[in-house]
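# Coordinates in review
Here are the chains, one letter per residue:
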Amino acid sequence: MKHLLSAGDLTRDDAVLILDTASELATVTDRSVKKLPTLRGRTVVNLFFEDSTRTRISFEVAAKRLSADVINFAAKGSSVSKGESLKDTALTLEAIGADAVVIRHGSSGAPHRLARAGWIGGSVINAGDGTHEHPTQALLDAFTLRRHLCEGRGDLTGIRVTIVGDVLHSRVARSNVLLLRTLGAHVTVVAPPTLLPLGISAWPCDVTYDIDSALPEADAVMMLRVQGERMRAAYFPSANEYSRSYGLDAERLRAMRPDAIVMHPGPMNRGMEISADVADSDRSVIVEQVANGVSVRMAVLYLLLGGDMKGQG
Ligand code: CP
């Protein structure tokens, strides 16, 4: 595989290989010198047209831990603000010798355009495109689920995951549904009707409007951020009403299985889709998801750029 554009492009074997490689690379984080020579001399460009904290930083750390040279490009402050096109930006990156381009873009399909137009010779990794996909988020979520719920098993067969919230605007939900099903998990999506996309019935998951019937069945719940910045209309009466109907608070957490875990891709709207006490509780693995993102993104860069594991020492 040259590019990582969609979680749906991954076979079970591809996904398990990435998760197994991430498990091996996670041991680097425990060392005093957190660096491998694997991608020495390679150049990774982080091309971010949309804001990011977790994804941009963890791709940067991942590439640096593999000894790649890293260039961080944010649209704000670049010639994009003077009107430079995606094509001319890509040709510029090609001219400086990018081996991999990690792209986040507000338009769904921008990474696919970059990969298929022939402007870039290296690998393209989708770090979130519009409301479409965020495959490395799904991989780090699967890695986190596997660590907590699968006792070393390769895939997620039999695990029940409930995804709750603003599915309409969520690239995380789509990538997770695709990947979790590939790995054998059973997925239930919960949202008000206004926050479900057209065509949800074709997704490989169950769909319900009733959070309180779905939570007691779940081994893990993934709360989604309400994406106010993408909303052009009123999708629910008020923040309080949304929180009452679809928020995860301590009372709803008590209705879940005692060993069920709480996930959120971040950034969180504390007090809206998740209460602060649940986000900070010992059932929450939200901070661990961020840490796991580094190992998973190391694995993706390593596998796409054909790093040499023998050099690890
Ligand atoms: N989960 C996620 O993509 O977070 P950022 O927007 O901070 O990268």
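Overall, the coordinates contain three aromatic pairs when judged by the stated rule. For the ring pair Phe236 and Tyr242, a centre distance of 4.9 Å and an interplane angle of 45 degrees mean the geometry is tilted. Each member of the pair, Phe236 together with Tyr242, is buried. Through successive ring pairs, a cluster of aromatic residues spans Phe236, Tyr242 and Tyr246.

Here we come to the layout of surface pockets. Taken as a whole, the largest pocket spans an internal volume of roughly 480 Å³. Along the walls of the largest pocket sit 28 residues, with Arg104, Arg171, Arg225, Gly266 and Pro267 positioned nearest its centre. Elements supplying a minimum of two residues to the lining of the largest pocket: helix 2 (54-65), helix 5 (135-149), helix 6 (171-182) and helix 11 (286-304). With five residues, the single largest contributor to the lining of the largest pocket is helix 11. Mapped onto the domain boundaries, the lining of the largest pocket takes at least three residues apiece from domain 1 (7-134 + 290-306) and domain 2 (135-286). By volume, the second largest pocket amounts to about 150 Å³. Lining the second largest pocket, in full, are Met1, Leu4, Leu10, Asp14, Leu17, Ile18, Ala299, Val300, Leu303 and Leu304. Going through the elements one at a time, helix 1 (12-29) and helix 11 are the ones with two or more residues in the lining of the second largest pocket.

Where charged atoms from two side chains of opposite charge come close, those side chains can pair. Here the structure, examined in full by the defined rule, presents 15 salt bridges. Salt-bridge contacts for Glu60 lead to Lys64; the nearest nitrogen and oxygen are separated by 2.7 Å. Within this pair, Glu60 and its partner Lys64 are both found in helix 2, separated by four residues, close to a single helical turn. The class for Glu60 is buried, based on a relative accessible area of 16%. For Lys64, a relative accessible area of 37% corresponds to the partly exposed category. Here Asp259 and Arg257 are joined by a salt bridge, their closest N and O atoms 3.6 Å apart. A residue is classified by how much of its surface remains accessible, and Asp259, at 47% relative accessible area, is partly exposed. Each member of the salt-bridge network shares a partner with another, and the members are Arg12, Asp13 and Asp155.

Turning our attention to the environment of Ala214. Following the sequence through the fold, Ala214 ends up in helix 7 (residues 211-214). With relative accessibility at 7%, the residue Ala214 sits in the buried group.

Take the packing of helix 1 against helix 5 next. Here helix 1 crosses helix 5 at 70 degrees, and the two axes come no closer than 10 Å. By the angle between their directions, the pair helix 1 and helix 5 is classed as roughly perpendicular. From helix 1, Val16, Ile18, Leu19, Asp20, Ala22, Ser23 and Ala26 reach across to helix 5, where they touch Leu139, Ala142, Phe143, Arg146 and Arg147. A per-class count over the contact of helix 1 with helix 5 returns eight nonpolar, one polar and three charged.

Its location among the elements puts His264 in the loop between strand 9 (261-263) and helix 10 (276-279). The class for His264 is buried, based on a relative accessible area of 0%. Engagement of the side chain of His264 in a polar contact is seen with the backbone nitrogen of Gly266, the distance being 2.8 Å. Setting aside anything within four residues of it in sequence, one finds His264 in contact with Met223, Leu224, Arg225, Glu273, Ile274, Ile286 and Gln289.

A few words now on the pairing of strand 5 (residues 160-164). Burial analysis of strand 5 places four of its five residues in the buried class, the great majority of the element. Bridge count for strand 5 against strand 6 (residues 186-190) is five bridges, and the pairing is parallel. Residue pairing in the sheet places Ile163 in a bridge with Val189 of strand 6. Once the chain exits strand 5 it traverses helix 6 before rejoining the sheet at strand 6, and the crossover so formed is right-handed. Sheet topology places strand 5 next to strand 8 (residues 220-223); four bridges connect them, and they run parallel. The partner of Val164 across the bridge, within strand 8, is Met223.

Once that is clear, we can look at the sheet that holds strand 1 (residues 43-48). With respect to topology, four strands assemble into an open sheet ordered 2-1-3-4, the strand pairing being parallel. Of all strands in the sheet, those with a lone pairing partner are strand 2 (69-74) and strand 4 (123-129), marking the two edges. Between one strand and the next, the sheet's axes are offset by a mean angle of 15 degrees, whatever the strand orientation. As paired strands, strand 3 (residues 100-105) and strand 4 are joined by five bridges and run parallel to one another. Note on strand 4: the bridge partner recorded for Val101 is Val124.

Each value, and the rule that gives it
- Residues numbered from 1 in each chain as written.
- Predicted model: local features only at pLDDT ≥ 70, side-chain atom pairs only at ≥ 80, totals over all residues.
- Heavy atoms only, no water.
- Phe/Tyr/Trp six-rings, centres within 6.5 Å; stacked < 30°, edge-to-face > 60°.
- Buried < 20%, exposed > 50% of the residue type's maximum accessible area, 1.4 Å probe, protein only.
- 1 Å grid on protein atoms, 1.4 Å probe; cavity = no way out; pocket = protein on both sides within 12 Å on 5 of 7 lines; lining within 4 Å.
- Points joined across faces, edges and corners; volume = space filled by probe spheres on them.
- Helix = DSSP H or I, 4+ residues; strand = E, 2+ residues; numbered from the N terminus.
- Domains from an automatic or database assignment.
- Salt bridge = Lys/Arg side-chain N within 4 Å of Asp/Glu carboxyl O.
- Axes fitted to C-alpha atoms, helices over the stretch in contact; angles between N-to-C directions.
- Parallel < 35°, antiparallel > 145°, perpendicular 65-115°, else oblique.
- Contact = heavy atoms within 4.5 Å.
- Nonpolar A, V, L, I, M, F, W, Y, C, P; charged D, E, K, R; others polar.
- Polar contact = N/O pair within 3.5 Å; in protein donor to acceptor, adjacent residues only side chain to side chain.
- Pairing = 2+ DSSP bridges.
- Right-handed = clockwise from strand over helix to strand, strands pointing away.

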